[in-house]
Amino acid sequence: MAAFTERMALFLMFWLVVSLSGTWAVDRANFKTCDQSSFCKRQRAMKPGESPYRALLETMELTNTRLTLQLINDNNKVRLLLELYRLQGNITRVKINELKPLKPRYEVPDVLIREPPTEPLSLLSQDENGVVLSLGAESQRVILSARPFRLDIMEGRNVLMSLNSRGLLAFEHLRMRKDTFSYKVTSTVASVWDNIKSVFSSQADPEAEKKEEAEPANQAETVEDAGKEEDGMWEEMFKSHSDSKPNGPSAVSLDFSLPGVEHVYGIPEHADSLRLKTTDNGDPYRLYNLDVFQYELYNPMALYGSVPVMLAHSAQRTTGIFWLNAAETWVDISSNTAGKTVFGKMLDYVQGSSETPQTDVRWISESGIIDVFIMLGPTPKDVFSQYASLTGTQAFPPIAALAYHQCRWNYNDQEDVQAVDAGFDEHDIPYDFIWLDIEHTDGKRYFTWEPHKFATPKEMLQNLLDKKRKMVAIVDPHIKIDSNYKIHNEIRSLGFYIKNKDGGDYEGWCWPGSAGYPDFTREDMRAWWASMFAYDQYEGSMENLYTWNDMNEPSVFNGPEVTMHKDAVHGAWEHRDVHNLYGLYVHMATAEGLIQRSGGVERPFVLTRAFFAGSQRYGAVWTGDNSAEWDHLKISIPMCLSLGVVGISFCGADVGGFFKSPSPELLVRWYQTGAYQPFFRAHAHLDTPRREPWLFGPENMALIREAVRQRYTLLPYWYQQFYHAYKTGQPVMRPLWVEYPQDPATFALDDEFLIGRDLLVHPVTEEGSRGVTAYLPGKDEVWFDVHTFQKHNGAQNLYIPVTMSSIPVFQRGGSIISRKLRVRRSSTCMEHDPYTLYVALSPQRTAEGELYIDDGHTFNYEKKEFIHRRLSFSNNVLSSVNLSPESQFSTLSWIERIVILGASKPKKVTLKTAGAEDTQLEYDFDASMSVLTLRKPGMNAGVDWTVTLG
């Protein structure tokens, strides 16, 4: 019988995998539309109009840190509590909850890095129509209108943002179901009490309404909902799955109006353009972490992660909205200029049309409360800093994690790993990490090794370590239900599994077959999980083994929408309340485990598929199960840009595409693109042919080698950009409008991007391309082709002829970028190698940059063990000055070459370092390209020096 059960399990597993992945295309019927999601359909049926909510100004309380007052819905008399805070850094927080809920409503924990510090609110004026509050700087104020309730955030005479201006605030209060015994008893008592009150108040009391408003009863128990009961409020079916909804309807919604705005961005993850589209004629954008096999492009379907942050941008200002809610969320976007052609807009201008562009956004979440942070900029970088102050910055990765990663599902055994590793050396292609997918485990039991194929994992890891290379192994959060499996037994005995609605352990199907799902919302569960990464717990692990968290949406093959039932239970909360947090918690616990195993010394590297606001604090993400198609290559750019503007800089896409098999041309172009994206990993599906770089002929291999080598030469610059992201929250890979916020030509660009502010990349993403047109921004700027050193003026569309070897990359005039040109087999082998400085002069003949150096892998930079230097060129003097005099670190690296672009020929070049005599440097000057090359100046990279062109 046991053998039959096992055979049936294997058959079901095979059928599920074939059904989910064998078709090579997403089955849209597996995933809900708004009309199939009852709360979305209900809320979207509301049309803009006068809001039923009004503010009860007599309930207002204003302290030094916050304003509170009650709102009442005149249709059903339900009361809400509004809290308004002015936060440090030009942020306004608005919270709305039920005044007296039947039971507590979920408020998202662990995402904010601290309780945000407040600044004083002051009352400017008040009358029966509302109140005006000062937000401090630059005449910013909040106007709170009472009837109907509305908030307007102003600066001077300009409205920056309005809340509930379209009357779409909705708050489904918790209530008892009408067909329950407790509801009937309560409603009968309430009815009798109403009759008694009416007898004693038969003499008309003009103050009665005011008294009733001033002394609310427990509304959740006595209020009748004015609306009728609708299908899906108390139970909902999707395909064969039932959602029991024991708490009934609990959705929340709020609209935001953005005058003067035509461009909004963010709310990843969607396979769509960088600039978000209007949703009037289709579904809203959906935020609900889902395992979507080979997703479709250019639609608002939910994918693996959710960051409920939107940026609004115009030439005048950038603002942001952070909607802190972890339940299923839909975002509607409309615009009064949507659909207008350029000619139509010009006609409006000529005819003197006074219509101001405006974008309206509506957020709808299934449960929880309204907790929204309004980030008022005014610049893009201000918004990034504001969001970072709330949820933290990108984790600073070890430098090796910024190098190249080689992966597939799956390298078969230790001999296969050794052969692939040797292949990279044989073909002179550097790499830092080789990855193992699920087949490396003993029967999909994570934290284990397949006993025959990976019998001596430490020997395998040591062989990699001897070459200064590393490995990543997958550890997914679904746990095989097997009484002989230590991990399962401990989780079950500790009671750490998520429960089903009936109180038993929740079970679903995933790669191991029947699996349990640890409750990562529990702090004690996360601590236990972290402890499993200790070297004495995770047998066969070593310090060069890192971790990949996949399937952590969570993926449940036989669940609704391939995920967990919403009425599963996490302690006091339903899964519907916490769903989008689950992947964040898995990522958090895993990263903490890697930190703890080294005693807090070593930085972790953890890749996650599912994510939420704050996931940037724990590592990298990737864009999931893409395909070997040109459009999937193109979409990787806006997908990573969208993640970057909401704090998650460490993003990449599977190079070559996960599904299907790329043509040699597509594979080469994908390597060339991936080499200039933050996370650089090749990955492929189990059923695809092998695609190591040397399997596509010597010409294609040489092109791939060159792309990978370009990545390695730029590692100092990438590392410096990630240090800045960690310190400031600014994105590493960024849209052009971030640096050129007043240039409308940049607002919708998403086929090119900046790395930091100084490198512009326009990858070739069209099949058979013979040329690309790149927009070079900056009216008074110049850009230098990094391969030819050709100078081009800014503020132009530049046509660039391309061949298969071309990767169009430009360095901004006015910048200094450091590279290491001696490419070795891994980044660690290059640690002490010398630097080459590329000085690209501005039209004013100035340039500046930085050089950041630390040990590349520990947290010692937090103890000021690093070198951080400012490099600057002006008045024909290039200098290196210490930006952090209190820091202590030394390096063996030196400056072996300086290349100055846009230079004039000097008569002599003099080097001056502290405590040494002036030295005359040798140089070459290319007059045709105005390039000056200083050879072997020889100074240590960590000391003060000046080079003078005489």
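Okay, so let's go over this structure. (Residues numbered from 1 in each chain as written. Predicted model: local features only at pLDDT ≥ 70, side-chain atom pairs only at ≥ 80, totals over all residues. Heavy atoms only, no water.)

Once that is clear, we can look at the overall build of the protein. For the protein, the count of helices and strands is 18 helices and 53 strands. On C-alpha atoms alone, the protein measures out to a radius of gyration of 30 Å, which is about the 30 Å that the 2.2 N^0.38 rule sets for 950 residues. A separation threshold of at least 6 residues defines the contact pool for the protein, and within that pool the share at least 24 residues apart is 73%. Accessible surface for the protein amounts to roughly 36,100 Å². Of this, 51% is attributable to carbon and sulfur atoms. Side chains of the protein carry 96 positive and 122 negative charges; the gap between the two charge centres is 3 Å. (Helix = DSSP H or I, 4+ residues; strand = E, 2+ residues; numbered from the N terminus. Rg over C-alpha atoms; globule rule 2.2 N^0.38 Å. Contact = heavy atoms within 4.5 Å. Areas by Shrake-Rupley, 256 points an atom, 1.4 Å probe, with all protein chains shown as cover. Lys, Arg positive; Asp, Glu negative; His and termini not counted. Charge placed at Lys NZ, Arg CZ, Asp CG, Glu CD.)

Under the definition given, this model contains 2 disulfides. Bridging Cys34 to Cys40, the disulfide has an S-S length of 2.0 Å. Taking the sign of the torsion about the S-S bond as the criterion, the disulfide between Cys34 and Cys40, at about -100 degrees, is left-handed. A relative accessible area of 1% means that Cys34 is categorised as buried. (Disulfide = S-S within 2.5 Å. Buried < 20%, exposed > 50% of the residue type's maximum accessible area, 1.4 Å probe, protein only.)

What follows concerns the sheet that holds strand β14 (residues 263-266). Sheet strands line up and pair through hydrogen bonds in the backbone, either parallel or antiparallel. The antiparallel open sheet is built from 8 strands, whose spatial order is β1-β2-β3-β4-β20-β17-β16-β14. Unpaired on one side and paired on the other, β1 (53-62) and β14 mark the two borders of the sheet. The mean angle between the axes of side-by-side strands here comes to 20 degrees, regardless of whether they run parallel or antiparallel. In this sheet, strand β2 (residues 66-73) lies alongside β1 in antiparallel orientation, the contact comprising 6 bridges. What sits directly across from Ala55, in β2, is Leu71. Set on the sheet, helix α7 (residues 380-391) makes contact with β3 (79-87), β4 (91-98), β16 (309-313), β17 (318-323) and β20 (370-375); between it and β17 the angle comes to about 25 degrees. (Pairing = 2+ DSSP bridges. Axes fitted to C-alpha atoms, helices over the stretch in contact; angles between N-to-C directions.)

Take the side chain of Arg869 next. Mapping Arg869 onto the fold places it in strand β46 (residues 867-874). At a separation of 2.6 Å, a polar atom in the side chain of Arg869 contacts the side chain of Ser880. Engagement of the side chain of Arg869 in a polar contact is seen with the backbone oxygen of Val943, the distance being 3.2 Å. Arg869 has contacts with Gly849, Glu850, Leu851, Ser880, Val881, Asn882, Leu883, Ala941, Gly942, Val943 and Asp944, leaving out every residue within four places of it along the chain. (Polar contact = N/O pair within 3.5 Å; in protein donor to acceptor, adjacent residues only side chain to side chain.)

Strand order in the open sheet formed by 6 strands is β35-β36-β37-β42-β39-β40, with antiparallel pairing between adjacent strands. Since the sheet does not close on itself, it has two edges, and those belong to β35 (733-734) and β40 (791-793), each with one partner.

Counted at 1.5 Å a residue, the expected span for α7 with its 12 residues is 16 Å, and the 17 Å between its end C-alpha atoms agrees. Among the residues of α7, Pro380, Val383, Phe384, Gln386, Tyr387, Ala388, Leu390 and Thr391 are the ones counted as buried. (Expected span 1.5 Å × (residues − 1).)

With that settled, consider the pattern of salt bridges. Any two side chains of opposite charge can pair if their charged atoms end up close together. On inspection of all chains with the given rule, the structure shows 58 salt bridges. Between Arg576 and Glu366 there is a salt bridge, with the nearest N and O atoms lying 2.9 Å from each other. Taken together, the residues span a long stretch of sequence, with Arg576 in helix α12 (residues 575-578) and Glu366 in the loop between β19 (358-365) and β20 at a distance of 210 residues. Accessibility classification places Arg576 together with Glu366 in one group, the buried group. Ionic pairing is found between Glu553 and Arg609, a salt bridge with its closest N-O pair at 2.6 Å. Of this pair, Glu553 sits in the loop between β27 (545-549) and β28 (569-570) while Arg609 sits in the loop between β30 (606-608) and β31 (620-622); the two residues are 56 residues apart in sequence, bridging distant segments of the chain. For Glu553, a relative accessible area of 0% puts it in the buried group. (Salt bridge = Lys/Arg side-chain N within 4 Å of Asp/Glu carboxyl O.)

Let us now look at the packing of helix α11 (residues 523-531) against helix α13 (residues 582-597). Two elements in contact, α11 and α13, have axes separated by 7 Å at closest approach and are oriented at 45 degrees. For the element pair α11 / α13, the angle class is oblique. The hand of the α11/α13 crossing is right-handed. Each of Arg526, Trp529, Ala530 and Ser531 in α11 lies in contact with α13, whose residues at this interface are Tyr585, Met588, Ala589, Thr590, Glu592, Gly593 and Gln596. The residue makeup of the contact of α11 with α13, split by class, is 5 nonpolar, 4 polar and 2 charged. (Parallel < 35°, antiparallel > 145°, perpendicular 65-115°, else oblique. Left-handed = near helix turned anticlockwise from the far one by under 90°. Nonpolar A, V, L, I, M, F, W, Y, C, P; charged D, E, K, R; others polar.)

Before going further, it helps to spend a moment on unusual backbone geometry. Of note, the bond from Arg147 into Pro148 is cis; its omega dihedral lies within 30 degrees of zero at -10 degrees. Along the chain, Pro148 falls in the loop between β7 (140-145) and β8 (150-155). Here the bond from Trp409 into Asn410 is cis, since omega is 10 degrees, no more than 30 degrees from zero. Mapping Asn410 onto the fold places it in the loop between β21 (404-406) and α8 (414-426). The phi angle at Ile267 is positive, at roughly 40 degrees, despite the residue not being glycine. Among the structural elements, Ile267 can be located in the loop between β14 and β15 (285-287).

The next point concerns the packing of aromatic side chains. Counting across every chain of the model gives 49 aromatic pairs. Plain terms: the ring middles of Tyr726 and Tyr861 are 5.4 Å apart, the flat faces sit at 85 degrees to each other, and that makes the pair edge-to-face. With a gap of 135 residues between them, Tyr726 in helix α17 (residues 715-728) and Tyr861 in the loop between β45 (847-853) and β46 connect regions that are remote in the sequence. Using a relative accessible area of 5% as the deciding quantity, one classes Tyr861 as buried. Centroid distance Phe789 to Tyr838: 6.3 Å. Interplanar angle 45 degrees. Geometry classified as tilted. Here Phe789, found in the loop between β39 (782-785) and β40, pairs with Tyr838, found in strand β44 (residues 835-840); they are 49 residues apart in sequence, far enough to count as distant. Accessibility expressed as a relative area gives 13% for Tyr838, which makes it buried. (Phe/Tyr/Trp six-rings, centres within 6.5 Å; stacked < 30°, edge-to-face > 60°.)

Between its first and last C-alpha atoms helix α14 (residues 630-644) spans 22 Å; for 15 residues at 1.5 Å apiece the expected length is 21 Å, and the two agree. In the structure, α14 departs most strongly from a straight axis at Ser636, where the bend amounts to approximately 25 degrees and where the proline Pro638 lies between one and four residues downstream. With 13 of its 15 residues buried, α14 lies for the most part within the structure. (Bend = angle between axes of the 7 residues up to and from the residue.)

Regular strands place their side chains on alternate faces of the sheet. Burial along strand β53 (residues 945-949) is one-sided: the face carrying Trp945, Val947 and Leu949 is buried and the face carrying Thr946 and Thr948 is not. Inspection of the sheet shows strand β47 (residues 877-882) paired to β53 by 4 bridges, in the antiparallel sense. What sits directly across from Leu878, in β53, is Val947. The pairing of strand β49 (residues 909-913) with β53 spans 5 bridges and is classified as antiparallel. Each bridged residue has a counterpart across the sheet, and for Leu911 the counterpart in β53 is Val947.

Right, let's get into the environment of Val111. Checked against the element boundaries, Val111 lands in the loop between β4 and β5 (122-127). Separated by 474 residues in the primary sequence, Val111 and Tyr585 place their C-alpha atoms 9.7 Å from one another. Here Val111 is in contact with Phe322, Leu324, Leu390, Thr391, Leu581, Leu584, Phe612, Ala613 and Arg617, once residues within four sequence places are set aside.

Bringing the packing of helix α16 (residues 698-713) against α17 into the picture now. Orientation of α16 relative to α17, taken along the N-to-C sense of each, is 55 degrees, at an axis distance of 5 Å. Viewed along their axes, α16 and α17 adopt a mutual orientation that is oblique. Residues Arg711, Tyr712 and Thr713 of α16 form the contact with α17, whose participating residues are Leu715, Pro716 and Trp718. Residue composition of the contact of α16 with α17, by class: 4 nonpolar, 1 polar and 1 charged.

Here Asp751 lies in the loop between α18 (736-739) and β36 (753-755). When the C-alpha atoms of Asp751 and Pro763 are compared, they prove to be 7.5 Å apart, with 12 residues separating the residues in sequence. Those residues in contact with Asp751 that sit more than four places away from it in its chain are Ile637, His762 and Pro763.

Counting 178 residues, the largest nonpolar core has Phe322, Trp529, Phe605 and Tyr671 as its most contacted members. The leading source of residues in this core is α13, at 9 residues. Excluding anything up to four places from it in sequence, Trp529 contacts Phe447, Val475, Asp476, Pro477, Ile479, Phe520, Ala589 and Thr590. Counting 50 residues, the second largest nonpolar core, distinct from the first, contains Leu69, Leu258, Tyr285 and Ile333. (Core = buried A, V, L, I, M, F, W, Y, C linked by side-chain atoms within 4.5 Å.)

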